[in-house]
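So you can see what is in the structure, the chains are spelled out below.
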Amino acid sequence: MNGDAFCRVFARREDAPPPAPGDVERYFVEGDKSLRGELGAWAAWVEIAVSDQPEHWMQHLISTRQLVVLTLASEMAEVHRWAQETCRALEGIYQIDGAGLFDADGKRLAEDAA
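If you're wondering where the values come from, they're calculated on a predicted model, not measured in any experiment. (Residues numbered from 1 in each chain as written. Predicted model: local features only at pLDDT ≥ 70, side-chain atom pairs only at ≥ 80, totals over all residues. Heavy atoms only, no water.)

**A look at the overall build of the protein**
Alright, step 1. When you go through the protein residue by residue, the secondary structure sums to three helices and six strands.
Alright, step 2. For the protein, the succession of helices and strands along the chain, N to C, is β-β-α-α-β-α-β-β-β.
Alright, step 3. When the backbone C-alpha atoms are referred to their principal axes, the protein occupies close to 30 × 30 × 30 Å.
Alright, step 4. Each of the 114 residues in the protein was classed as buried or not, and the buried ones make up 43%.
Alright, step 5. A sequence separation of at least 24 residues applies to 66% of the contacts in the protein between residues at least 6 apart. (Helix = DSSP H or I, 4+ residues; strand = E, 2+ residues; numbered from the N terminus. Buried < 20%, exposed > 50% of the residue type's maximum accessible area, 1.4 Å probe, protein only. Contact = heavy atoms within 4.5 Å.)

**Some remarks on unusual backbone geometry**
Alright, step 1. Of note, Gln53 is a non-glycine position whose phi angle comes to about 60°, a positive value.
Alright, step 2. Looking at the secondary structure, you find Gln53 in the loop between α1 (33-49) and α2 (54-62).
Alright, step 3. Gln53 sits in the partly exposed class, given a relative accessible area of 46%.
Alright, step 4. Located in the positive-phi region is Glu91, a residue other than glycine, with phi close to 55°.
Alright, step 5. Looking at the element boundaries, Glu91 is found in the loop between α3 (76-90) and β4 (92-96).
Alright, step 6. A relative accessible area of 42% means that Glu91 is categorised as partly exposed.

**Some remarks on the nonpolar core**
Alright, step 1. Grouped together as the largest cluster of nonpolar side chains are 18 residues, with contacts concentrated most on Phe10, Val46, Val50, Trp57, Leu61, Ile93 and Leu101.
Alright, step 2. Broken down by element, the residue count for this core peaks at five residues, all from α1.
Alright, step 3. Among the nonpolar cores identified, the runner-up in size contains 15 residues, and Val9, Leu70, Trp82 and Leu90 belong to it. (Core = buried A, V, L, I, M, F, W, Y, C linked by side-chain atoms within 4.5 Å.)

**Side note on α2**
Alright, step 1. Listed as buried for α2 are Pro54, Trp57, Met58, His60 and Leu61. All buried residues of α2 fall inside an arc of 155° around its axis, so they share one side.
Alright, step 2. Those residues of α2 that are buried lie in contact with β1 (6-11), α1, β4 and β6 (108-110). (Arc of directions from axis to C-beta.)

**Quick word on the state of the cysteines**
Alright, step 1. One pass over the structure, following the stated rule, counts zero disulfides.
Alright, step 2. The closest cysteine sulfur to the non-disulfide-bonded Cys7 is located on Cys87, 7.3 Å from its own sulfur.
Alright, step 3. Looking at Cys87, the relative accessible area reads 1%, which means it is buried. (Disulfide = S-S within 2.5 Å.)

**A look at the sheet that holds strand β3 (residues 66-71)**
Alright, step 1. Pairing in this open sheet of six strands is antiparallel, and the strands run β2-β3-β1-β4-β5-β6 from one edge to the other. The strands lining the two open edges of the sheet, one partner per strand, are β2 (24-28) and β6. Neighbour to neighbour, the strand axes of the sheet diverge by 25° on average, direction disregarded.
Alright, step 2. Contacts from α2 reach β1, β4 and β6 within the one sheet, and its direction differs from that of β4 by about 95°. (Pairing = 2+ DSSP bridges. Axes fitted to C-alpha atoms, helices over the stretch in contact; angles between N-to-C directions.)

As structure tokens, then:
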């Protein structure tokens, strides 16, 4: 994907996300075994990387129904605003390459591995 950075929203709802400041792709988990495996890998990372309530956030990832991926095309502050709005609407958490994993209010749950 040309070295672009990405924002991933792990959503519990399947509604459409709000208009985005870049290109968005949506993936639905039901019936997609490879995506379910990827979410399992994210959950395993959360178990190690998140110090506050890792079991809660692991369960969130395991119960994800939709993965929304935004190719970063905007200022980071705009991407955070979009991700937080999307997470509030879709009951999600988000990860930005190089920035970390965040809850819907923008609280950093874990740093990205460098």
